Amino acid sequence: MDMRKSNALVIPPQPVEWSGNVPAELQGGMYVRNGGNPISNSDLGRDAHWFDGDGMLTGVWFDRAAAGTKKATPRFVNQFVLTDLCLSTFEKTVGWFDGNKAEGEPRKEYVDDEPGFGDTGINSWMREWTTGHPKVDPTTGEMMLFHCNFLPPFVHYSLVPKAASSSNSKEQIPKLLNAPVPGCSGGKMMHDFGVSKHHTVILDLPLSLSPFNMMKNKPVVAYEPKKLARFGVFPRQRPEAVRWFETKGCCIFHTANTWDEFDSEGNTIAVNMLACRLTSASLVFSAGNLTPPPHPNHTQTKDRKRMSFFAKYDDDENVKDLEKETSNERTALLSEDHLARFEPPTPPLIEGDLDEEQCRLYFYRFDLTNTASNDITEQYALSSIPFEFPTVAPNVEMSFAHYIYGCSTSNASFGAALGKATKIDIIVKMDVHALLERAKINRPESVTGCLDTRSVQEIVSANNPEDAIQAFQLPPRHFAQEARFVPRHAASSEDDGFLLFYVFDESQLDEFGECKPDATSDLWVLDARDMRSVVCKIHLPSRVPYGLHGNWFSEDQIKSQRGIESVRGMPEDEKETRWRKVREQLIGALG
């Protein structure tokens, strides 16, 4: 049974029930999560990878108008996304955005007919491949993104100003499309990057993604930790001025916060970045229930039996599989003492050196004052606990965020198997200011150092409201997805707001580990200040499959959307159909 496939197709917006009190800050807004939801997976002969499948957006809209009162009515909606590879009859997708205009939108005077992402040429379609994490400046509205493939110069960079700025020449921000970033070492699996108010950081890490790997007797995706991790830092609008900083090899899929550091005269002296650093690439394979290759630094390997999606890691061949267990347990809104009543499970055994499976929140400082050499003057983990899928208050995304929120687990490292055994049952809040101040007194060792060496269980058990690291643990057999921070309207502090995330109760599985037809998920709203109070739960009519990232769209953001004149449909032109088939074959051949 594939937990990345939903038991629902497309459901029109419908009111749903909830328990607790819906915060006023959510009224009129919408929480949306994206992820793969394969319409059909039988032809693959395997589990669908988290990166596979037909794109689906799943959301809860807090419809103010429908309520007829000051309170909003939560409505559930999910929608397949129509692309060139997913052409079903379900969509109402507007269409592609090429850096200049989007399909279906009314033509405006500011829209030009210049080449968009990818520019022109026979391989322009490959240069359109874009990061899943574009960055939007909360102050200027400009959007930064990069495009990478396996042909030199390997990475291009684009900056798209907010459309409204084009009406005022004094405030005009130059558009930058397809600018090459010189110095990248090859075709890499680049998922995310860092952006501060004045700088951009490109991640050139030893995780390659190229069909040319197969000519070297390597897999298409290959991790080579003996090679260096490289960080390209450049002024936001000048990728040609990139400076490359190098350190020990690692993997990074998500950055948490990037900010500039200034001297007393206002000159930028360093760029700082917090990122989720992994010492293994097994997450990429495990997210598809594929056996990861041995870590390149691992000296001894042994055969391991294939595990089902819900199996726990353990050396015992006879260990119970959670797919074979069942329970009728249900929970209402959490009581204040739920953490004290729940005994965290004993961490299972993991083969190999623990350093092979780390996933920690790391601090990097790229010094810009030394023009003779490029030095990373600070690099260490803030905590030893697993930490991924970070989020911050939206107004401080490109400045120094006081708090970083993220996901953790009580069972094993994220690198062990996010798609199988490791599932999110801990939501973490880190006081970055407090932790970095502590590092000034007791500086951790470079690269391998760790500021707070406590385990997840020790942090949960401490239950200290003054702790720089706060952990919210879900009840047994409940698993979350990425959380998203939503601030209060009149926030008294940076953490004055809420964390929204989907939760699934696996006690709804039957004795064979299959989801029952009536299985459902909830959207939980957690108070980010105390990291204890679940202020409300939105009860959804179907299950939301485990997936990737979510985002919050406020009422004002929704109202400011541009109108559309048309939506995508099935291609009627025979030539377009033939070209689509050719593209499908090329993309399939490239994995």
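These numbers were taken from a predicted model, which means no experiment stands behind them. (Residues numbered from 1 in each chain as written. Predicted model: local features only at pLDDT ≥ 70, side-chain atom pairs only at ≥ 80, totals over all residues. Heavy atoms only, no water.)

Trainee: Whenever I open this one, the sheet that holds strand 6 (residues 135–136) confuses me. Can you help?
Mentor: Spatial ordering of the open sheet is given by 6-7-8-9, a layout of 4 strands whose pairing is antiparallel. At either margin of the open sheet sits one strand with a lone partner, and together these are strand 6 and strand 9 (176–180). Relative to strand 9, strand 8 (residues 155–160) is paired through 3 bridges, and the arrangement is antiparallel. From the neighbouring strand, His156 faces strand 9, where its bridge partner is Pro180. (Pairing = 2+ DSSP bridges. Helix = DSSP H or I, 4+ residues; strand = E, 2+ residues; numbered from the N terminus.)

Trainee: Help me understand helix 5 (residues 432–441) in this model?
Mentor: Count 3.6 residues to each turn of an α-helix, and residues three or four apart come out pointing the same way. Among the residues of helix 5, Val432, Leu435, Leu436 and Ala439 are the ones counted as buried. End-on, the buried residues of helix 5 take up no more than an arc of 95°, which puts them together on one face. Opposite the buried face of helix 5, by more than 90 degrees, sit the exposed residues Lys440 and Ile441. N-cap assignment for helix 5: the residue whose side-chain oxygen lies 3.3 Å from the backbone N of His433 is Asp431. (Buried < 20%, exposed > 50% of the residue type's maximum accessible area, 1.4 Å probe, protein only. Arc of directions from axis to C-beta. Polar contact = N/O pair within 3.5 Å; in protein donor to acceptor, adjacent residues only side chain to side chain.)

Trainee: Could you clarify how one ought to interpret the pattern of salt bridges in this entry?
Mentor: Opposite charge on two side chains permits them to pair, given that their charged atoms come into close proximity. A full pass over the atoms with the stated rule returns 27 salt bridges. Note that Arg236 is salt-bridged to Asp137, the shortest N-O span being 2.9 Å. Here the residue Arg236 occupies a position in the loop between strand 14 (229–235) and strand 15 (243–247), and Asp137 occupies one in the loop between strand 6 and strand 7 (143–148), the gap between them amounting to 99 residues. Judged on exposure class, the residue Arg236 and its partner Asp137 are both buried. Residue Arg484 is joined to Glu482 by a salt bridge in which the shortest nitrogen-to-oxygen separation is 3.9 Å. Exposure remark for Glu482: the relative accessible area of 4% places this residue in the buried category. Connected through shared salt-bridge partners, Asp137, Glu142, Lys197 and Arg236 make up one network. (Salt bridge = Lys/Arg side-chain N within 4 Å of Asp/Glu carboxyl O.)

Trainee: For this particular structure, what's the right way to read the side chain of Lys188?
Mentor: Inspection of the secondary structure assignment puts Lys188 in the loop between strand 9 and strand 10 (194–195). There is a polar contact of 2.8 Å between the side chain of Lys188 and the side chain of Ser185. Within the structure, Lys188 has its side chain in polar contact with the backbone oxygen of Leu205 (distance 3.0 Å). Look past the residues within four positions of Lys188 in its chain and what remains in contact with it is Cys148, Asp204, Leu205, Pro206, Leu207, Ser208 and Leu209. (Contact = heavy atoms within 4.5 Å.)

Trainee: How should the UniProt feature "binding site: Fe cation" (unreviewed entry) in the protein be read in this particular structure?
Mentor: The sites that UniProt annotates as "binding site: Fe cation" (unreviewed entry) are His133, His191, His254 and His549. Of the residues just listed, which span 417 residues, no C-alpha pair is farther apart than 12.5 Å, and they cluster in one region. Structurally, the position occupied by His191 is in the loop between strand 9 and strand 10. The contacts of His191, once residues within four sequence positions are left out, are Thr131, Gly132, His133, Phe146, Phe253, His254 and His549. If sequence neighbours within four positions are ignored, His254 has contacts with His133, His191, Asp192, Ala275, Cys276, Glu388, Phe389, Pro390 and His549. (UniProt positions renumbered as here; feature names shortened; annotations may be inferred.)

Trainee: Help me out: how do you make sense of the environment of His549 in this one?
Mentor: If you trace the backbone, His549 turns up in the loop between strand 29 (534–539) and strand 30 (550–553). The class for His549 is buried, based on a relative accessible area of 13%. Sequence separation between His549 and Ala483 is 66 residues, and the spatial gap between their C-alpha atoms is 8.4 Å. The contact partners of His549, leaving out residues within four places of it in the chain, are Val32, Arg33, Asn34, His133, His191, His254, Phe389 and Glu482.

Trainee: Honestly, the packing of aromatic side chains in this entry has me stumped. Any pointers?
Mentor: The description of two aromatic rings rests on the distance between their centres and on the angle between their planes. Applying the stated criterion to the full structure yields 19 aromatic pairs. Measuring from centroid to centroid gives 5.3 Å for Phe231 and Phe366, while their planes differ by 45°, and the two rings are tilted. With Phe231 in strand 14 and Phe366 in strand 18 (residues 359–367), this residue pair connects regions lying 135 residues apart in the sequence. One exposure class covers both Phe231 and Phe366, and it is buried. Judged by centre distance (4.4 Å) and plane angle (10°), the ring pair of Trp259 and Phe400 falls under stacked. Placement of Trp259 in strand 16 (residues 251–262) and of Phe400 in the loop between strand 20 (388–391) and strand 21 (403–408) is noted, with a sequence separation of 141 residues between them. In textbook terms, an aromatic cluster arises when at least three aromatic residues are bridged by ring pairs, as seen for Phe231, Phe245, Tyr362, Tyr364 and Phe366. (Phe/Tyr/Trp six-rings, centres within 6.5 Å; stacked < 30°, edge-to-face > 60°.)

Trainee: Would you mind showing me how to read the environment of Asp530 here?
Mentor: On the secondary structure map, Asp530 appears in the loop between strand 28 (521–527) and strand 29. The partly exposed category is assigned to Asp530, whose relative accessible area is 30%. Taking the C-alpha atoms as reference points, Asp530 and Ala471, 59 residues apart in sequence, are found 9.8 Å from one another. Within the structure, the side chain of Asp530 is placed 2.8 Å from the backbone nitrogen of Arg532, a separation counted as a polar contact.

Trainee: Explain the sheet that holds strand 19 (residues 376–383) here, please?
Mentor: As a general point, the strands of a sheet are linked pairwise by backbone hydrogen bonds and lie either parallel or antiparallel. Read across the open sheet, the 5 strands follow the order 16-17-18-19-23; overall the sheet is mixed. Two strands bound the open sheet, and with one partner strand each, they are strand 16 and strand 23 (450–452). Going from strand to strand, the sheet's axes swing by 25° on average, the running direction of each strand aside. Both strand 19 and strand 23 contribute to a ladder of 2 bridges, which runs parallel. Residue pairing across strands places Ala381 opposite Cys450, the latter belonging to strand 23. (Axes fitted to C-alpha atoms, helices over the stretch in contact; angles between N-to-C directions.)

Trainee: How should the pairing of strand 17 (residues 268–278) be read in this particular structure?
Mentor: The side chains of a regular strand alternate between both faces of the sheet. Of all 11 residues in strand 17, 10 are buried, a share of seventy percent or more. Both strand 16 and strand 17 contribute to a ladder of 10 bridges, which runs antiparallel. Note on strand 17: the bridge partner recorded for Thr255 is Ala275. Counted between consecutive antiparallel strands, the loop separating strand 16 from strand 17 contains 5 residues, among which Gly266 sits at a positive phi close to 85°. Pairing of strand 17 with strand 18, which is carried by 9 bridges, proceeds in the antiparallel orientation.

Trainee: I'm lost on the side chain of Thr391 in this one. Help?
Mentor: Note on placement: Thr391 falls in strand 20. Residue class for Thr391 comes out buried when judged on its relative accessible area of 3%. Ignoring sequence-local partners within four residues, the contact set of Thr391 consists of Ile404, Tyr405, Ala483, Arg484, Phe485 and Leu499.

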